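Fold and contact review
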Amino acid sequence: MSGAEAAGAALTVSVVICVYTEDRWEDILAAVSSVRAQSHPARETLLVVDHNDALRERLLTEYKENRDGRYVRVLANAGPRGLSAGRNTGIAASRGDVIAFLDDDAVAERDWLRHFAEGYADPAVVAVGGRTVPVWASGRRPRWFPEEFDWVVGCTYRGLPPGRVRVRNVLGGNASFRREAFDAAGGFATGIGRDGDRRPLGCEETELCIRLSRARPDAVLLIDDRAVIHHRVPAAREHFGYFRTRAYAEGLSKALVARSVGAGKGLESERRYATRVLPSGVVRGLRDAVLARPGGAGRAGAIVAGVLTAAGGYAVGSVRARRGGATFSVAPVSTTPVSGAPVEEGAHG
């Protein structure tokens, strides 16, 4: 093992899982179990509960004993309701050299953290993301659902490059950052990301990564498709109604990102996606339809509908932003927990 590889292997990793509903109880337990089984052990797992006292108390009871020597901490979101503030709470409470984020309805493969740690062998690397594979509630992908739009259900989509490659931004449900990244750029912006099931917005990790690259022009951000998690897609998200709602919300979110970092950088990857990846998807779907392959016409139609819906959301979001009707904020995130602070609530180990 080279010196750089040894340095990567020696990195400690804190895993943050943001949770908000008891409806996902079994998913949460499965997510924590997958972290406990990692070949590169996590230093700690932080469960950040988003303003749900009943869930927090239940998790505190579940993890009151350090049953297998692994460290699980249950925290209350110290900021406003939503995923961004929950992540910021986890960052502030964490102690690892690297902070990784895992969705509460996903499970990580055994070498997930090992592949993340290997990416940090290069000291210029400040973020490493992975590949997220959908697990459909129905047991199979809906025939009309295009792989180019798997981001709608929080998964890696067709069009991302394979292997370990440099990217503009990582995807939030399967990502990691060096601790100093947050010292340089601040935390996740509140007002952009999700608020449970009530507001299916996103792009908070995109905005953060662009801010990070501006604060650290020499910073390298990677995606390693060997760092795999499996993300559950509930039945309600397999329907076209959710597809359309999420595409519209993505347009709204992109408008906020463009307002924060400028349309040039904020839409750089999206332009390539819209002009190269999506047209190829439409052609592929129409070809399958001509060849009488199931779902081809539906996939082509869904791509067109998704683009138009997202564009509509972007237009509305841009108008709101200009009128001051859409707001978000970025605050510095302390990465050195203060002894005795409330972030230590529920620490067991």
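Criteria and thresholds
Residue positions are counted from 1 within each chain, in the order its sequence is given. It should be noted that, the model being predicted, local features are given only for residues of pLDDT at least 70 and side-chain atom pairs only at 80 or more, the latter also being counted only at that level, while totals for whole chains, interfaces and linings use all residues. With hydrogens and water set aside, each side-chain value is computed from the structure's full complement of heavy atoms. A run of H or I in DSSP becomes a helix once it reaches four residues, and a run of E becomes a strand once it reaches two; helices and strands are each numbered from the N terminus. For the exposure calls, accessible area comes from a 1.4 Å probe over protein chains only, and a residue counts as buried if that area is under 20% of its type's maximum, exposed if over 50%, partly exposed in between. Contact definition: two residues touch when any of their heavy atoms are within 4.5 Å. Methods summary: accessible areas were calculated by the Shrake-Rupley approach with a probe of 1.4 Å, and residue burial reflects only the protein chains presented. What a helix should span is 1.5 Å times the count of its residues minus one. The angle between axes fitted to the seven residues ending at a residue and the seven residues starting there is what we call the bend at that residue. Values of pLDDT, the confidence the predictor places in each residue, fall between 0 and 100. The pairing criterion for strands is at least two bridges between them, as found by DSSP. In plain words, nonpolar cores are sets of buried Ala, Val, Leu, Ile, Met, Phe, Trp, Tyr and Cys residues tied together by side-chain atoms within 4.5 Å. Fitting a line to C-alpha atoms yields each axis, with helices limited to the stretch in contact; the angle taken between N-to-C directions then spans 0 to 180 degrees. Angular relationships are summarised with four words: roughly parallel below 35 degrees, roughly antiparallel beyond 145, roughly perpendicular across 65 to 115, and oblique for the angles in between. When the near helix sits turned anticlockwise from the far one by under a right angle, the crossing is termed left-handed; a clockwise turn instead gives a right-handed crossing. Nonpolar residues are Ala, Val, Leu, Ile, Met, Phe, Trp, Tyr, Cys and Pro. Charged residues are Asp, Glu, Lys and Arg, and all others, Gly as well, are polar. Salt bridges are counted wherever a side-chain nitrogen of Lys or Arg sits within 4 Å of a carboxyl oxygen of Asp or Glu. Think of a polar contact as two N or O atoms within 3.5 Å of one another; within protein, one of them needs to be a possible hydrogen donor and the other a possible acceptor, and neighboring residues in sequence only count if both atoms come from side chains.

1. Concerning the overall build of the protein
For the protein, the count of helices and strands is 11 helices and 10 strands. For the protein, buried positions account for 55% of its 349 residues. For the protein, the share of sequence-separated contacts (at least 6 apart) that also reach a separation of at least 24 residues comes to 81%. For the protein, the computed accessible surface area is about 14700 Å², with 54% contributed by carbon and sulfur atoms.

2. Things to note about the side chain of D150
Here D150 is to be found in the loop between β6 (125–136) and β7 (164–166). By relative accessible area, D150 is classed as buried at 3%. Setting aside its immediate chain neighbours within four residues, D150 contacts P134, W136, R141, F145, C155, T156 and Y157.

3. Concerning helix α10 (residues 268–290)
The end-to-end C-alpha distance of α10, which contains 23 residues, comes to 33 Å, matching closely the 33 Å that a straight helix rising 1.5 Å per residue would cover. Along its length, α10 shows its largest kink, about 35°, at A274. For α10, the full list of buried residues reads S269, E270, Y273, V277, L278, G281, V282, G285 and D288. Remark: A292 follows α10 within two positions and exhibits a positive phi of approximately 65°.

4. Focus: the confidence of the model for the protein
Scored by pLDDT, the protein comes out at a mean of 88, with 83% of its residues at no less than 70. For residues 337–349, every residue scores under 50 in pLDDT, and the model assigns this stretch 28 contacts once sequence neighbours within four places are set aside.

5. Looking at the pairing of strand β3 (residues 72–76)
Across the five residues of β3, four count as buried, placing the element largely inside the fold. The sheet contact formed by strand β2 (residues 44–49) and β3 spans five bridges and is parallel. Pairing of V49 across the sheet is with A76, part of β3.

6. Quick notes on the nonpolar core
Among the nonpolar cores identified, the biggest contains 35 residues, and V15, I17, L47, L59, L102 and W112 are the most heavily contacted of them. For this core, the element with the most residues is helix α2 (residues 25–36), which contributes six residues. Not counting chain neighbours up to four residues away, the residues in contact with V15 comprise V35, A42, E44, T45, L46, A100, L102, W112 and L113. Membership of the second largest hydrophobic core comes to 29 residues, among which are C18, V126, V167 and V170.

7. A short note on the packing of α10 against helix α11 (residues 296–323)
Across the interface, α10 lies against α11 with an axial gap of 6 Å and an inter-helix angle of 155°. Comparing their axes, α11 and α10 come out roughly antiparallel. Handedness of the α10/α11 crossing: left-handed. Where α10 abuts α11, its residues L278, G281, V282, G285, L286, D288 and A289 lie against G296, A297, R299, A300, I303, V304 and V307. Residue composition of the contact of α10 with α11, grouped by class: nine nonpolar, three polar and two charged.

8. Quick word on the pairing of strand β9 (residues 220–233)
Counting buried positions along β9 gives 10 out of 14 residues, so the element sits mostly inside the fold. Judged from the three bridges that link them, strand β5 (residues 106–108) and β9 form a sheet pairing that is antiparallel. Pairing of A108 across the sheet is with I229, part of β9. The sheet contact formed by β6 and β9 spans 10 bridges and is parallel.

9. A closer look at the environment of P142
Take P142: it is sitting in the loop between β6 and β7. Other than its neighbours up to four places away in sequence, P142 contacts W136 and E238.

10. Some words on unusual backbone geometry
A positive phi angle, close to 55°, is found at H51, a residue other than glycine. Within the element layout of this structure, H51 appears in the loop between β2 and α3 (53–62). The partly exposed category is assigned to H51, whose relative accessible area is 40%.

11. Some thoughts on the pattern of salt bridges
Tallying each qualifying case throughout the model produces 27 salt bridges. Across the salt bridge formed by R164 and D224, the nearest N and O atoms sit 3.4 Å from each other. Separated by 60 residues along the polypeptide, R164 in strand β7 and D224 in strand β9 bring together distant segments of the chain. In this structure D224 comes out as buried when scored by relative accessible area, which is 1%. When salt bridges with common partners are traced through the structure, they connect D111, R114, E118, R164, D224 and R226 into a single cluster.

12. Digging into the side chain of N174
Position of N174 relative to the elements: it lies in strand β8 (residues 174–178). Accessibility expressed as a relative area gives 1% for N174, which makes it buried. Within polar-contact distance, the side chain of N174 engages the side chain of W112 at 2.6 Å. Apart from the residues lying within four places of it in its own chain, the contact partners of N174 are F101, W112, F116, G129, G130, R131, T132, A227 and I229.

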